[in-house]
Amino acid sequence: MLFQMWSPTTFTSISSGCRMGVLSEDGTGLRRRGCSCSKEDFLPEESFKSWGNYVSALKATPSRFMDRVLTRSDDKAELEAKSRSHNEMKKTLSWWDLMWFGMGAVIGAGIFVLTGLEARDHAGPAVVLSYVVSGISALLSVFCYTEFAVEIPVAGGSFAYLRVELGEFVAFIAAGNIILEYIIGGAAVARSWTAYLATLCNQEPDDFRIYASALGKDYNHLDPVAIGIIVVVCLFAVFSTKGSSRLNYIASCVHLVVILFIIIAGLIKADTDNYRDFAPYKVRGIFKASAVLFFAYVGFDAVATLAEETKNPARDIPIGLVGSMVITTTLYCLLAVTLCLMQPYKKIDADAPFSVAFKAVGMNWAKYLVAAGALKGTPINATVVMLAATAIVAFFTKLEVLANLLSISTLFIFMLVSVALLVRRYYVTGVTTTANRNKFIACIVLILGSSIGTSAYWGLCEDGWIGYCITVPIWILSTIGIKVFVPHAREPKLWGVPLVPWLPSASIAINIFLLGSIDGDSFIRFGVWTVLLLIYYIFFGLHASYDTAKEYEGNLSLKKTEEGDSPSAASKSIGADHKNGYANPST
């Protein structure tokens, strides 16, 4: 699943995007960073040339921060950044390629493990409805991603889209969560890999794990097998890109064959009595499971990064993205129905549900085929740093913890992309009047506030309903407010999301609502990660970005989220830099 998601292109796009690139001395292209470990390789910007420069940069942090928060890139700047790489992608992909790529990127080991866990503990046979809810949420996000991918065909994906519409600071936070998403996703798949390997060996998963009583309950089942598979597969990917690509396509085909086998053979052994108690955990259980099962949809956003390799983006990307998501959701629902018809939900095995279910219906031989298919979801990342981080997380952390944290990160990013789409349609500097801008901002704040209120009320008040009578109408009226009172500032050139503002507004609402079904401890972990990101940004990322932005200032078209071309705080910071003893690159 994660092989396609975490490609070298994706990682390079995020990394170079955060720094916005560095011109070579002759101004002809990007300065090449080698594999050495000198300070110049990691911190080449002016602010880090000396301790004096760094101290001066820290003193200018407030003004630099405001400059970065208020500065957006634009479509032209992103396309110019792509052209400066001097490595244009060949346009060889069709909608058929994108559809297969999308299914291969999304369908992975998560579906083979989390379906059973959520059916047993949270949803019962109604887990199929949980997949429907997650699928609808993912599909709404797919539409938003698709318009950006068609209009801004660059490899940066959501990072590039957010930098254009919501500014660099928001894009940086999103990039940090994209990295978290891939680390956690890889670790989660590695943990589930151990469960199905144990099935192949007729053992229990914990037989392959080391119990450490001194650690917390969510971190005390150490998984050396997870580390081993990450190392082996990542080394294969790093040293043989072409070979790993072929391996992935073959494995994806095998995976789909196994899924079809499960559905056909499993339904032959179906017992409709297992569906008598369809929703034992009621509606709350369905949504709780849906929030966790969103894990099974992670990966489709990687398809958006292939836009610049697509023959006809306006036609191929919508068909490829939407088509792969519809097919994937259908397969997930059929798998969920099959599992719960084969076995009573209370008897479903949490570690290897499908393999154990086949054993329970007298098809013991089938469990080996299912386990082998589940092992396809290999967590392949492109860099040694990512490998190390993924391996550490996979070694200590339980799958349930990883799945919840991954869902928070992914839902958060998808929500931001939906907000960015509304901004793209309704706010353009120099086009949108001050009055319309203020009305739009008010409506966006109300949409976000009412969505958060609905989610919080759902999470904190199990039996209440009065709160929804307040928050839901506010969301409806806010969306109507954008539709009626704020004119479009930009129309899509090639392909646009239908039903704007309703579709992106609904995407915002459902993504935030699903967050309300995730446990509080997961939000604490997410908060810790966000704080670490902010610390890094304030002390390093902000100053690196500021320096390189000013270096490119003459070549990139930048625009401010505030109206007009009034002098920004950046100019004050530049003056302060001169007073403190070093010249800013923009001067």
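Residues numbered from 1 in each chain as written. Predicted model: local features only at pLDDT ≥ 70, side-chain atom pairs only at ≥ 80, totals over all residues. Heavy atoms only, no water.

Going by an unreviewed UniProt entry, the protein carries the name Cationic amino acid transporter 1 and comes from Heracleum sosnowskyi. In UniProt, the protein has this text filed under Subcellular location (unreviewed entry): "Membrane". (UniProt positions renumbered as here; feature names shortened; annotations may be inferred.)

A.B. asks: Could you give me a rundown of the pattern of salt bridges, with the residues and numbers involved?
C.D. replies: On inspection of all chains with the given rule, the structure shows twelve salt bridges. Where D67 meets R68, a salt bridge forms, and the shortest distance between an N and an O atom there is 2.9 Å. Of the residues examined, R68 reaches a relative accessible area of 1% and is grouped as buried. Its salt-bridge partner being D223, residue R209 comes within 3.0 Å of it at the nearest N-O pair. Highlighted residues: R209 in the loop between α11 (168–200) and β2 (210–211) and D223 in the loop between β3 (221–222) and α12 (224–239), separated in sequence by 14 residues. The pair formed by R209 and D223 is uniform in burial state, with each residue classed as buried. (Salt bridge = Lys/Arg side-chain N within 4 Å of Asp/Glu carboxyl O. Buried < 20%, exposed > 50% of the residue type's maximum accessible area, 1.4 Å probe, protein only. Helix = DSSP H or I, 4+ residues; strand = E, 2+ residues; numbered from the N terminus.)

A.B. asks: Explain the packing of helix α9 (residues 127–151) against helix α23 (residues 502–515) to me, using residue names and the numbers behind them.
C.D. replies: Here α9 crosses α23 at 135°, and the two axes come no closer than 9 Å. Relative to α23, α9 is oriented oblique. In the packing of α9 onto α23, the handedness of the crossing is left-handed. Contacts from V133, I136, S137, L140, S141, F143 and C144 in α9 reach L503, P504, A506, S507, I510, N511 and L514 in α23. (Axes fitted to C-alpha atoms, helices over the stretch in contact; angles between N-to-C directions. Parallel < 35°, antiparallel > 145°, perpendicular 65-115°, else oblique. Left-handed = near helix turned anticlockwise from the far one by under 90°. Contact = heavy atoms within 4.5 Å.)

A.B. asks: Can you lay out unusual backbone geometry for me, pointing to particular residues and giving the numbers?
C.D. replies: For the bond running from V500 to P501, omega is 15°, close enough to zero to count as cis. As for its position among the elements, P501 is in the loop between α22 (466–485) and α23. Backbone geometry at K282 places phi at a positive 60°, although glycine is not the residue there. Mapping K282 onto the fold places it in helix α14 (residues 282–293). A relative accessible area of 57% means that K282 is categorised as exposed. Located in the positive-phi region is L499, a residue other than glycine, with phi close to 55°. Structurally, L499 is set in the loop between α22 and α23. A relative accessible area of 64% places L499 in the exposed class.

A.B. asks: Before we move on, could you go through the packing of aromatic side chains and cite the residues and values that matter?
C.D. replies: Taken as a whole and assessed by the stated rule, the structure comprises 30 aromatic pairs. Seen from their ring centres, F65 and Y537 are 6.5 Å apart, and the 75° between their planes marks the pair as edge-to-face. One end of the pair, F65, is in helix α5 (residues 61–70); the other, Y537, is in helix α24 (residues 520–551), and 472 residues separate them in sequence. With relative accessibility at 24%, the residue F65 sits in the partly exposed group. An aromatic cluster is defined as three or more aromatic residues linked by ring pairs; in this entry it consists of F48, W51, Y54, F65, F169, F172, Y536, Y537 and F540. (Phe/Tyr/Trp six-rings, centres within 6.5 Å; stacked < 30°, edge-to-face > 60°.)

A.B. asks: If you had to explain the nonpolar core to someone new, which residues and values would you point to?
C.D. replies: In this structure, Y131, I262, F300, F358 and F440 are the most contacted members of the largest nonpolar core, which totals 141 residues. The element contributing the most residues to this core is helix α20 (residues 399–426), with 18 residues. In this structure, I262 is in contact with F112, L267, L335, T338, F354, F358 and V370, ignoring residues within four places of it in sequence. In this structure, F169, F172, Y537 and L542 belong to the second largest nonpolar core, which totals six residues. (Core = buried A, V, L, I, M, F, W, Y, C linked by side-chain atoms within 4.5 Å.)

A.B. asks: Give me a nonpolar patch on the surface: which residues, what numbers.
C.D. replies: Nonpolar side chains collect at one region of the surface, where V472, I476, L477, I480, V484, F485, L499 and W502 lie side by side and expose about 750 Å² of accessible area between them. Per element, the largest residue contribution to the nonpolar patch is six residues, and it comes from α22. (Patch = residues over 30% accessible without salt bridge, like charges linked within 9 Å, V, L, I, M, F, W, Y side chains within 5 Å. Areas by Shrake-Rupley, 256 points an atom, 1.4 Å probe, with all protein chains shown as cover.)

A.B. asks: Run through the environment of S192, naming residues and quoting values.
C.D. replies: Along the chain, the position of S192 falls in helix α11. Taking the C-alpha atoms as reference, S192 lies 8.9 Å from L114; in sequence the two are 78 residues apart.

A.B. asks: Give a detailed account of the packing of α9 against α14, specifying residues and quantitative values.
C.D. replies: Contact pair α9 / α14: the axes reach a minimum separation of 8 Å and the direction vectors enclose 55°. Compared by their axis directions, α9 and α14 come out oblique. Judged by the twist between their axes, the crossing of α9 over α14 is right-handed. Packed against α9, whose contacting residues are V127, L129, S130, Y131, V133 and S134, the element α14 presents I286, F287, A289, S290 and L293 at the interface. Residue composition of the contact of α9 with α14, grouped by class: eight nonpolar, three polar and no charged. (Nonpolar A, V, L, I, M, F, W, Y, C, P; charged D, E, K, R; others polar.)

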